[in-house]
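# Remarks on the overall topology
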Amino acid sequence: MKNNKLLMIMLMMLVAITLVGAIALVIVMKFSGEDETKEPTIDDVLEASVDIPQITANLASDDYIRISFKIQTENKKAKEELQKRDFQVKNLIIQELSEMKAEDIQGKEGQIKLQEDLKTKINGLMQEGKIVQVYITESLLQ
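Residues numbered from 1 in each chain as written. Predicted model: local features only at pLDDT ≥ 70, side-chain atom pairs only at ≥ 80, totals over all residues. Heavy atoms only, no water.

### Things to note about the overall build of the protein
Of regular secondary structure, the protein possesses 6 helices and 3 strands. Mapped in sequence order, the helices and strands of the protein form the string α-α-β-β-α-α-α-α-β. In terms of overall size, the protein is more extended than a compact globule, its C-alpha atoms giving a radius of gyration of 28 Å where 142 residues would be expected to give roughly 14 Å. For the protein, the spread of C-alpha atoms along the three principal axes comes to 100 × 30 × 25 Å. Buried residues in the protein amount to 26% of all 142 residues. Long-range contacts, defined here as pairs at least 24 residues apart, represent 69% of the contacts in the protein between residues at least 6 apart. Counting only carbon and sulfur atoms, one obtains 57% of the accessible surface of the protein, whose full area is about 10300 Å². Positive and negative side-chain charges of the protein, numbering 18 and 23 respectively, have mean locations separated by a distance of 10 Å. (Helix = DSSP H or I, 4+ residues; strand = E, 2+ residues; numbered from the N terminus. Rg over C-alpha atoms; globule rule 2.2 N^0.38 Å. Buried < 20%, exposed > 50% of the residue type's maximum accessible area, 1.4 Å probe, protein only. Contact = heavy atoms within 4.5 Å. Areas by Shrake-Rupley, 256 points an atom, 1.4 Å probe, with all protein chains shown as cover. Lys, Arg positive; Asp, Glu negative; His and termini not counted. Charge placed at Lys NZ, Arg CZ, Asp CG, Glu CD.)

### Considering helix α6 (residues 107–125)
An α-helical segment advances 3.6 residues per turn. Residues three or four places apart therefore align on the same side. Taking 1.5 Å of rise per residue, the 19 residues of α6 would be expected to cover 27 Å, and the 28 Å separating its terminal C-alpha atoms lies within 8% of that figure. Among all positions of α6, only G110, L114, Q115, L118 and I122 are buried. One side of α6 carries all its buried residues, which in axial view fall inside an arc of 135°. The exposed residues of α6 that point more than 90 degrees off its buried face are K108, E109, T120 and G124. Looking at the buried side of α6, the elements it contacts are β2 (64–73), α3 (76–84), α4 (86–98), α5 (102–105) and β3 (131–141). (Expected span 1.5 Å × (residues − 1). Arc of directions from axis to C-beta.)

So this is what it looks like as structure tokens:
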């Protein structure tokens, strides 16, 4: 009887140690694994991007601008939605540009601000994903 009880205790301890070891292994594997937020490759970026062809718009300062964009989405589903919403995106771009003066767009800071403003406003339209980045691919201010 005493032997049977001792055997049962050893078996329980062995199961408990194995269980603790398995849990520790899972935790170590989860936190030391490859980082999931790695940068996308250029192929991934191009695959999830939409080109907005040249748009000509009048600025508030009576100048005009010809400008093109490439808009990067987070995935293919978001890209498909953005392609369907291209008329809304063009409308947003024209409205945004019509409130700007030539000085607002000139220089690096002005272009970055335009890109960020467009990203925020286009994300307001999106339902299936989000915009990661807006790139100006061509710009002619006159």
